Amino acid sequence: MFLGTYEPKLDQKGRVILPAKFRDQLSDGVVITRGQDRCLYAFPTDEFQEMFNQLRKAPLSSKQARDYIRVMLSGASDETPDKQGRITIPANLRAYADLNRDLAVIGAGTRIEIWDANQWAEYLETQEEVFSSTADEIIPGMF
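The rules behind the values
- Residues numbered from 1 in each chain as written.
- Predicted model: local features only at pLDDT ≥ 70, side-chain atom pairs only at ≥ 80, totals over all residues.
- Heavy atoms only, no water.
- Salt bridge = Lys/Arg side-chain N within 4 Å of Asp/Glu carboxyl O.
- Helix = DSSP H or I, 4+ residues; strand = E, 2+ residues; numbered from the N terminus.
- Buried < 20%, exposed > 50% of the residue type's maximum accessible area, 1.4 Å probe, protein only.
- Pairing = 2+ DSSP bridges.

**Q** I'd like a description of the pattern of salt bridges, backed by residues and values.
**A** Taken as a whole and judged by the stated rule, the model has six salt bridges. Residue Lys9 is joined to Asp102 by a salt bridge in which the shortest nitrogen-to-oxygen separation is 2.5 Å. Separated by 93 residues along the polypeptide, Lys9 in the loop between strand S1 (5-6) and strand S2 (15-17) and Asp102 in the loop between helix H4 (91-96) and strand S7 (103-107) bring together distant segments of the chain. Residue Lys9 is classed as partly exposed on the basis of its relative accessible area, which comes to 43%. By relative accessible area, which is 37% here, Asp102 ends up partly exposed. The network of salt bridges with common partners includes Lys63, Asp67 and Arg70.

Shown next, in the form of structure tokens:
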């Protein structure tokens, strides 16, 4: 499980050093793709395969499913961390997420998310307020 927030830097070649706590789970490979909220999702290869197996069950007659799958898969890139734990984020994905030098890499359970640090700070500020004022049960059976 991926947990926590880390603040690595993006180098001039578009590489990022993965947080040490995440490296073992990503050592067999990682798939990076467009995420929602203009961040990137990075999945261990086996987790991405499992997610894809669920996506492929969607009917081809569903325009919404086709659109989602196209956007998700057309931007996907499989990477293997190097000996220093670095992965390269392709230019098209850096542009999609508006990544600059300062990043926020967050653990989101089965995946990590890669954000521009300033965009993450803005998102988090808004969402922490929503989080603290949530009165309804969002996840069934929780709280």
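**Q** Any details on the pairing of strand S4 (residues 40-44)? Residues and values, ideally.
**A** The element S4 is extensively covered by neighbouring structure, given that five of its five residues are classed as buried. Pairing analysis gives five bridges linking strand S3 (residues 30-34) to S4, with the strands arranged antiparallel. If you follow Val30 over to S4, its bridge partner there is Pro44. Between S3 and S4, which follow one another and run antiparallel, lie five residues, and Asp37 among them has a positive phi close to 65°. Sheet topology note: the S4/strand S8 (residues 112-116) ladder contains three bridges and is antiparallel. In the strand pairing of S8, Tyr41 is matched with Glu113.

**Q** Run through the sheet that holds strand S5 (residues 77-79), naming residues and quoting values.
**A** An order of S1-S7-S8-S4-S3-S5 is seen for the six strands of this open sheet, with the pairing classed as antiparallel. Single-partner strands in this sheet number two, and they are S1 and S5. One ladder, built from five bridges, connects S7 with S8; its direction is antiparallel. Bridged to Val105 within S8 is Ile114.

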